[in-house]
Amino acid sequence: MTSSNDLFKRAQIHIPGGVNSPVRAFKAVGGTPPFIQRADGAFLYDSEGKQYIDYVLSWGPMVLGHNHAAIREAVIKAAENGLSYGAPTEIEITMAELVSTLVPSMEMLRMVNSGTEATMSAIRLARGYTQRDKFIKFEGCYHGHADGLLVKAGSGALTFGVPSSPGVPADYAKHTITLEYNNIDEVRRVFAESGDEIAAIIVEPVAGNMNCIPPVPGFLEGLRDVCDQYGAVLIFDEVMTGFRVALGGAQAHYNIRPDLTCLGKVIGGGMPVGAFGGKREIMQCLAPLGPVYQAGTLSGNPVAMAAGLAALTAIQQDGLYERLNHCTDVLTQGLRDIAKRHGIPLTTNKAGSMFGFFFTDVETVTNYQQAINCNTEQFNRFYHGMLSNGVYLAPASYEAGFVSACHSDALLDMTLETADKVMAQL
Ligand code: PMP
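Residues numbered from 1 in each chain as written. Predicted model: local features only at pLDDT ≥ 70, side-chain atom pairs only at ≥ 80, totals over all residues.

Under an unreviewed UniProt entry, the protein chain has the name Glutamate-1-semialdehyde 2,1-aminomutase and belongs to Pseudobowmanella zhangzhouensis. What the UniProt record of the protein chain gives under Cofactor (unreviewed entry) is the line "pyridoxal 5'-phosphate". Under Catalytic activity (unreviewed entry), UniProt gives the following word-for-word description of the protein chain: "(S)-4-amino-5-oxopentanoate = 5-aminolevulinate". (UniProt positions renumbered as here; feature names shortened; annotations may be inferred.)

Next comes the structure, spelled out in C-alpha cells:
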C-alpha cells in the first residue's frame, strides 16, 4: 500500500504537475488527489485501499459503472486478435452503423481517438465545407484543447477572440468569436453583422464544463434557425452529453438536428475514442472522398471499437435512462433540501444523468458569469468534507457530475447522509 502523498511527490518529478490532465492535480480545491488503483461499479479504490462512491466516472464515460463485465470481456477477446492493424475492419462498419442508428443526424461518421480530435476535425470540416474562416463558440464551453478552441471573448462581442493559453497565436484566435451561452440575441446580432464570414457554431447542447448548465428554451432552436438562415454549420459537441443525457444524446432530448455532432467519452466505454459525423453532404468533403484532410494511425482501433460497441449495446437495455434520470433527480433534490435545512444557499441543475450544484443565491444558473460567481470557498470545504467521507466529486466547482447504472438508491442515500453531515459543518 503506497500513500497518495508519496505517489503525488514521485509523480511530480517526471510528469508536469504529477498528472496527465490538469484538473486531476486538485489545483482548484487544494490537497492531494487520491491515486486510483482500481474501480468497480459505482466505486473507486485508491492506493491506500480507501473506497469512494464515484460521481466523476472518468469524467463521463462510465455510464454503466466501472469494470462492466460485457465491456471488459469484449476488450479481452479483441486483444487476443492483436492490438492494431492500421487497416479497415468489420467492427468499424458495425460501430458506424450502430452510432448512426442511435444518433440519426450522423448519416456518416469518422472515428478518432479523443473528444479534442473530434471537435478540431469538425471545425476544420465546417470551414472547408463553407469556405469561411470564423466560427462561434460560447463562454464557459470547453471543446478540447485544439488551438482555435482555446479562445476567450475579446472586449466586445464583435471584437476578435483572444487566446486563453500562451502558445495559441492571436492571429489564429481572431477567427474564433466567443459569445454568452444561452444568449440567442447576441448570436443573431453577430450573424446580422458578419454572417457570411461565419463557418459554424459549436456548442455544448448542455454545458458541462462550467458546472452543469442546460440550454434555456429557445436557445438551441435559435442556433438552428440562424445557421439555416446564413448557411453556417451547426455543430453539437456531444462529447459529454452523447449517450448520457439520453440514448440519442442532447439532440434527441431537445429534438434539434445539428449538421455535425462530436462524440467522445461513452462511445469508447472507457477506451480512448471519439467520433464526428453528420450530414452526408458535409462528411463527403473529408479525405479520401473530398479535399478536407483528417487522419489517424490508431483511429477505429479494434480493441477500442470492441469496448465502444459493447458499451453502446449495453446502454440500449430497457429502462436505463429512466433509472439514471431518477437517480439524478433524487440526488439534486436531496442536496437542495439538505442545504435549505442548513440555511446554505444552493441551487442545482440537471439534464439526464448530468448534474451540477452551485453555492449561490441565484435561483437558476444559466450562464458562465453566474457560474463563476458562486461561493468557491464553500464548495472547496464541502468538497473535502465529502472526499474524506468517501464521496468522490469533481474536484472543481465548474465541472458537471454524473451518475451511473450502478448508483443504487442505497448509495444515493449514503451520499445524501454524508452531504447532510458535511453541510452541518460548513
Ligand atoms: N468536448 C467536451 C464537451 C468535453 O467535455 C471534452 C472533455 N471533457 C472535450 C470536448 C475534449 O475531449 P477529450 O478530453 O477526450 O479530448
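Participant: Just checking my understanding: could you explain unusual backbone geometry for this structure?
Facilitator: As a rule of thumb, non-glycine residues mostly have phi less than zero, and peptide bonds are mostly trans rather than cis. With an omega dihedral of 10°, the bond running from A287 to P288 counts as a cis peptide bond. Along the polypeptide, P288 turns up in the loop between α9 (280-283) and α10 (302-314). For W59, which is not glycine, the phi dihedral falls at a positive 70°. Tracing the backbone through its elements, the reader meets W59 in the loop between β3 (51-54) and α2 (69-79). By the C-beta count within 10 Å, which is 20 here, W59 ends up buried. Positive phi is not limited to glycine here, since N182 has a value of about 70°. Within the element layout of this structure, N182 appears in the loop between β8 (176-179) and α6 (184-194). (Helix = DSSP H or I, 4+ residues; strand = E, 2+ residues; numbered from the N terminus. Buried ≥ 20, exposed ≤ 12 C-beta atoms within 10 Å, placed from the backbone.)

Participant: How do you make sense of the site of the ligand when you look at a structure like this?
Facilitator: Within the structure, the ligand sits among 16 residues, and S114, G115, T116, G144 and V239 are positioned closest to it. Ranked by the residues each element gives to the shell around the ligand, the list is headed by helix α4 (residues 115-130), at 3 residues. Grouping the constituent residues of the shell around the ligand by class yields 4 nonpolar, 10 polar and 2 charged. (Near = placed C-beta within 6 Å. Nonpolar A, V, L, I, M, F, W, Y, C, P; charged D, E, K, R; others polar.)

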